[in-house]
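What follows is each chain in one-letter form.
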Amino acid sequence: MTDSYAAMYRRSIDDPDGFWAEQARRIDWERPFDQVCDTSHPPFARWFVGGRTNLCHNAVDRHAATRPGDAALIWVSSEVGQERVYTFSELQAEVEVMAAILAGQGVRAGDRVLIYLPMIPEAAFAMLACARLGAVHSVVFGGFASHALANRIDDAEPVLIVSADAGSRNGRIVPYKPLLDEAIRLAAHKPAKVLMIDRGLSPFGRVADRDLDHAALRERLWGTRVPCEWLPSDAISYTLYTSGTTGRPKGVQRDVGGHAVALATSMALIYDGRAGETFFSTSDIGWVVGHSYIVYGPLIAGMATLMYEGTPVSPDAAVWWRLVEQYRVTVMFSAPTAVRVLKKQDPACLTRHDLSSLRALFLAGEPLDEPTARWIADAIGKPVIDNYWQTETGWPILTLARGVEPAAPKFGSPGVPMPGYRVQLLDEQTGAVLEAPNQKGLLAIAYPLPPGCMQTVWRDDERFVRTYWSSVPGRQVYSTFDWALRDEDGYYFILGRSDDVINVAGHRLGTREIEECIAGHPAVAEVAVVGVADALKGQVAMAFAVLKDPARAATPQAALALEGEILKRVDQQLGAVARPSRVRFVQLLPKTRSGKLLRRAIQAVCEQRDPGDLITLDDPAALQQIRELVAGAG
Ligand code: PRX
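Residues numbered from 1 in each chain as written. Predicted model: local features only at pLDDT ≥ 70, side-chain atom pairs only at ≥ 80, totals over all residues. Heavy atoms only, no water.

Broken down by element type, the protein chain carries 18 helices and 32 strands. Against the compact-globule benchmark of 26 Å for 634 residues, the protein chain has a radius of gyration of 24 Å, which places it among compact chains. The principal-axis extents of the C-alpha atoms in the protein chain amount to approximately 70 × 65 × 55 Å. Carbon and sulfur atoms make up 51% of the accessible area of the protein chain, which amounts to about 23,600 Å² in all. Side chains of the protein chain carry 66 positive and 74 negative charges; the gap between the two charge centres is 2 Å. (Helix = DSSP H or I, 4+ residues; strand = E, 2+ residues; numbered from the N terminus. Rg over C-alpha atoms; globule rule 2.2 N^0.38 Å. Areas by Shrake-Rupley, 256 points an atom, 1.4 Å probe, with all protein chains shown as cover. Lys, Arg positive; Asp, Glu negative; His and termini not counted. Charge placed at Lys NZ, Arg CZ, Asp CG, Glu CD.)

Turning our attention to the site of the ligand. Of all residues adjacent to the ligand, which total 17 residues, the nearest are Asp386, Thr391, Asp482, Arg497 and Arg508. At 2.5 Å, a side-chain N or O of Asp482 approaches an oxygen atom of the ligand. A distance of 3.3 Å is found between an oxygen atom of the ligand and a side-chain nitrogen or oxygen belonging to Asn503. Elements with a contribution of two residues or more to the shell around the ligand: α10 (288-300), β20 (384-387) and β27 (492-497). Classifying every residue of the shell around the ligand gives 7 nonpolar, 5 polar and 5 charged. (Near = heavy atom within 4 Å. Polar contact = N/O pair within 3.5 Å; in protein donor to acceptor, adjacent residues only side chain to side chain. Nonpolar A, V, L, I, M, F, W, Y, C, P; charged D, E, K, R; others polar.)

A separate point is the packing of aromatic side chains. Scanning the entire structure with this criterion turns up 31 aromatic pairs. Centre to centre, the rings of Phe280 and Tyr308 are 6.3 Å apart; their planes meet at 70°, and the pair counts as edge-to-face. Placement of Phe280 in strand β16 (residues 278-281) and of Tyr308 in strand β17 (residues 304-309) is noted, with a sequence separation of 28 residues between them. Relative accessible area serves as the criterion here: at 4%, Tyr308 is assigned to the buried category. A cation over a ring is seen here: Arg152 above Phe144, with NZ or CZ 4.6 Å from the ring centre. In this arrangement the basic side chain of Lys440 is found over the ring face of Trp483, its NZ or CZ atom lying 4.8 Å from the centre. (Phe/Tyr/Trp six-rings, centres within 6.5 Å; stacked < 30°, edge-to-face > 60°. Buried < 20%, exposed > 50% of the residue type's maximum accessible area, 1.4 Å probe, protein only. Lys NZ or Arg CZ within 6 Å of the ring centre and 35° of its normal.)

Read from one edge of the open sheet, 8 strands run β12-β11-β8-β6-β7-β14-β15-β25, paired in mixed fashion. Since the sheet does not close on itself, it has two edges, and those belong to β12 (211-213) and β25 (456-457), each with one partner. With 6 bridges joining them, strand β14 (residues 236-242) and strand β15 (residues 250-255) adopt antiparallel strand pairing. Its bridge partner lying in β15, Tyr238 is registered against Arg254. In the packing of helix α7 (residues 177-186) onto the sheet, contacts are made with β6 (112-116), β8 (160-164), β11 (193-197) and β12, and the angle to β8 comes to roughly 155°. (Pairing = 2+ DSSP bridges. Contact = heavy atoms within 4.5 Å. Axes fitted to C-alpha atoms, helices over the stretch in contact; angles between N-to-C directions.)

The subject of this paragraph is the packing of helix α9 (residues 257-269) against α10. At a minimum axis distance of 8 Å, the contact between α9 and α10 shows a crossing angle of 80°. For the element pair α9 / α10, the angle class is roughly perpendicular. Contacts between α9 and α10 pair His259, Ala260, Leu263, Ala264, Ser266 and Met267 from the former with Ser292, Tyr293, Tyr296, Gly297, Pro298 and Ile300 from the latter. (Parallel < 35°, antiparallel > 145°, perpendicular 65-115°, else oblique.)

Bringing the side chain of Gln253 into the picture now. In this structure, Gln253 sits in strand β15. Given the relative accessible area of 7%, Gln253 is considered buried. With sequence-adjacent residues up to four places away left out, Gln253 is seen in contact with Ile236, Tyr238, Thr239, Met454, Gln455, Thr456, Trp458 and Arg459.

Moving on, we get to the environment of Ala379. Locating Ala379 in the fold gives a position in helix α13 (residues 370-380). A relative accessible area of 23% means that Ala379 is categorised as partly exposed. Note: C-alpha distance between Ala379 and Gln23 (356 residues apart in sequence) is 36 Å. Those residues within four positions of Ala379 in sequence are excluded, and the remaining contacts are Leu350 and Thr351.

Here the focus is the side chain of His259. The topology assignment puts His259 in helix α9. In this structure His259 touches Leu55, Ser237, Tyr238, Arg254, Tyr296 and Gly452, once residues within four positions along its chain are discounted.

For helix α1 (residues 5-14), the set of buried residues is Tyr5, Met8, Tyr9, Ser12 and Ile13. Down the axis of α1, the smallest arc covering the buried residues is 130°, so these residues share one side. (Arc of directions from axis to C-beta.)

Right, let's talk about the sheet that holds β27 for a bit. If you trace the 4 strands from one edge of the open sheet to the other, you get β23-β24-β26-β27, paired in antiparallel fashion. Two strands close off the open sheet at either side, each with one partner strand: β23 (423-426) and β27. Sheet twist, expressed as the mean angle between neighbouring strand axes with direction ignored, is 50°. In the sheet, strand β24 (residues 441-446) pairs with strand β26 (residues 477-486) via 5 bridges, with the strands oriented antiparallel. Paired with Ile445 across the bridge in β26 is Tyr478.

What follows concerns the state of the cysteines. Covalent bonding between the sulfur atoms of two cysteines is what defines a disulfide. Tallying each qualifying case throughout the model produces 0 disulfides. Free cysteine Cys56: the closest other cysteine sulfur is in Cys228, separated by 4.7 Å. Residue classification places Cys56 among the buried residues on the basis of a relative accessible area of 0%. A relative accessible area of 13% means that Cys228 is categorised as buried. (Disulfide = S-S within 2.5 Å.)

With that out of the way, let us pick up the pairing of β8. Burial analysis of β8 places 5 of its 5 residues in the buried class, the great majority of the element. Side-chain alternation along β8 places Leu160, Val162 and Ala164 on one buried face and Ile161 and Ser163 on a second face that is also buried. Pairing analysis gives 5 bridges linking β8 to β11, with the strands arranged parallel. When the sheet's bridge partners are listed, Ile161 is paired in β11 with Val194.

Burial within strand β4 (residues 71-77) is extensive, with 6 of its 7 residues counted as buried. Sheet analysis places β4 next to strand β5 (residues 82-87), joined by 6 bridges and oriented antiparallel. Bridge pairing in β5 places Val76 opposite Glu83. In this structure, β4 lies alongside β17, joined through 5 bridges in parallel fashion. Looking at β17, one finds that Trp75 is bridged to Met307.

Residues of the protein chain with pLDDT of at least 70 account for 99%, and the chain-wide mean is 95. Within the protein chain, helix α5 (residues 121-133) carries the highest mean pLDDT (99), whereas helix α18 (residues 621-633) carries the lowest (86). (pLDDT = per-residue confidence, 0-100.)

Let's shift gears to the packing of helix α3 (residues 55-66) against α5. Following both chains from N to C, one finds α3 and α5 inclined at 120°, their axes separated by 7 Å at the closest point. The pairing of α3 with α5 is recorded here as oblique in orientation. Relative to α5, the crossing made by α3 is left-handed. Across from Leu55, Cys56, Ala59, Val60 and Asp61 in α3, the residues of α5 making contact are Leu128, Ala131 and Arg132. (Left-handed = near helix turned anticlockwise from the far one by under 90°.)

Written out as structure tokens, the structure reads:
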């Protein structure tokens, strides 16, 4: 294999077939592929055509066969005070019994199974069981509430939902079942079965003939052998919903073979994770980082994966570092917001434990500011590596290939393009490629995307083409919707989104979905939601609403009460994760003469920046009122 980043990257671009055929040896194939990449129907790409494989086999069975007693899944909950280590052979047994339960309910290859679970081992068992059967899993983040869940149920049309009585956050029980029942009531599609995992945290009612008892079925079916279903490389492994510019989330759809090869490649070339070691990602299975780097990536690489339920500061800010010491974690993956949370705690918590096993800390999901990066790098004395990517790509676009050569990070930059990504910066107006350094452009990727990236939008090829491949005039390139620049050394710097997606504590949210929820309140005539810079969370959502009857917010008390009502509505429908930090009431919203809402101008004013000349306001008073509200907020 190649021994420098530059040579490795060059080869992936100049000889993609040779490069990826070599990478594909990292996984087992039941039938070898005939063609590395079918590019006959751009912008669609099919990877490892003719090959047959299985994600669960590669993540679990092949390791259980050779190293049955090695740790595979380490589950730690600081919420309920439990820790449990599953070896590869125990993990296989758990996945097989889960697969037997699903198959017993009629789940077959191609069927969708929706997973709405907290961070418990059964979440990983359920995902891997689907992969085993060839069923398509669709995990919905546990922080989403009934309305958001109902939308996703209607889009995925699952035959079965796996859920639990409750999660726990900061020591507070968060019941899941009432939200799920309400979501199914709201949804047009009614799943035939709900498999309920009872953690004994929150009593719940059961719907006869629909709700199944996981513990009883597990006991009955324990020991059943369920072979892995060998699947065509381009079969669908999962869908995961993500936000864009419309209120309707997109089901990002991924394949089997390309996904497995891309993750295996990233584990080796980027994260430098080795079989037998422990990988610790602090994300959640409801997000793409959880899919790629809690469940599939580390296990495919033969590593133990540490799955953690809890916050970084409970019982104290040393908890993660205790786990690093105890389980000899070699690679850790978190988000900048978590680091900013730790920064507020007692610094001694970071040095109390032996971190000698740790080689590097990777951070992703939102911009990593230089002070945060420097602080954590100094505090733990390890390289801190930023990595930039998206739900759509499934693995890093830009970072440093630490498994190839130990390049030094540049503060403020996630790094350089990863193998197979033909990264370009484009002029927003003309679509021309910006070749000279230090110019701001739209970050785009030329066709074809490397393996592991989204195949399409679930059941909506047209939306895939229109949304991602049609935003640059005259050129069919994939748009990330991020601004970026590249310096003289080829390092990229991410400068923010070009669309209405916001990033709150590393959680990607669509402002339109929040707007639709608020606009449904009977008092609201019109609303704009924007992302505003925040020192801790990166961004927070702020809502500005015009009321049908302004008298509803005539006094400060009335305004506060109405704001509370609206925030509660967001909590109940979308989940607290989407709750704006404030809802302010205004007489009118800033718009262009053609009626287009000027969200970017509102955002600039909220951040006390000059809204610039991007505005051709219909009525300048609108922006002035927001300016006064923000100035008076203190
Ligand atoms: O705007 C970029 C930002 O998060 C978006 C993708 O979010 P999501 O689909 O949730 O995937 C997260 C996978 C890590 C991007 O379009 N983003 C992600 N990572 C970074 C980032 N912005 C700056 N620096 C990063 N490292």
